[in-house]
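Fold and contact review
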Amino acid sequence: MSILYTTRATATGGRDGIAKSEDGRLEVTLSTPKELGGNGAGGTNPEQLFAAGYSACFLGAIKFVASQRKVKISEETAVTATVGIGPRADGKGFGLDVALAITMPGVDATQAREIVDAAHIVCPYSEATRSNLDVRLSVN
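Residues numbered from 1 in each chain as written. Predicted model: local features only at pLDDT ≥ 70, side-chain atom pairs only at ≥ 80, totals over all residues. Heavy atoms only, no water.

1. A closer look at the overall build of the protein chain
- For the protein chain, the count of helices and strands is 3 helices and 6 strands.
- Taken from N to C terminus, the helices and strands of the protein chain fall in the order β-β-β-α-β-β-α-α-β.
- Considering only C-alpha atoms, the protein chain reaches an extent of 45 × 40 × 30 Å along its principal axes.
- Looking at the protein chain as a whole, 32% of its 140 residues qualify as buried. (Helix = DSSP H or I, 4+ residues; strand = E, 2+ residues; numbered from the N terminus. Buried < 20%, exposed > 50% of the residue type's maximum accessible area, 1.4 Å probe, protein only.)

Right, here's the structure in full:
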């Protein structure tokens, strides 16, 4: 694989700390949600960051596939990633549950589904999770 872009981020303090990119463009306070035993303070968490990254990346993949197929995508096209975390069935740690809900106004349902299925192959987040978790896709 030929690397086109590389970035680096560092977290300190775990789920109750900070994370920042080496270029300073991203710096976030992290806090553990109450549901995971934290105090639910005002910071973000890895699941929110993963949901934001996956939804943005998947929308980029949709736009790429649509452009290859000469299909115009509305500015209102959106991807909502829902990310859950919980104990794995094997009792050896934690796992993620991921669902992507896609809205593609102005694109007929069959064509939208074909684009989404192709985007799921193109998207690097989908590739990274493939065989590791079942990402559920819905097209509205």
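2. Here's the deal with the packing of aromatic side chains
- According to the stated counting rule, one finds 4 aromatic pairs in the structure shown.
- An aromatic cluster of three or more residues is present, and its members are F50, Y54, F58 and Y125. (Phe/Tyr/Trp six-rings, centres within 6.5 Å; stacked < 30°, edge-to-face > 60°.)

3. Points about the sheet that holds strand β5 (residues 94-103)
- Spatial ordering of the open sheet is given by β4-β5-β6, a layout of 3 strands whose pairing is mixed. Each end of this open sheet is capped by a strand with a single partner; those strands are β4 (78-87) and β6 (135-139). Sheet twist, expressed as the mean angle between neighbouring strand axes with direction ignored, is 15°.
- As paired elements, β4 and β5 share 10 bridges and run antiparallel to each other. Each bridged residue has a counterpart across the sheet, and for G86 the counterpart in β5 is G95. (Pairing = 2+ DSSP bridges. Axes fitted to C-alpha atoms, helices over the stretch in contact; angles between N-to-C directions.)

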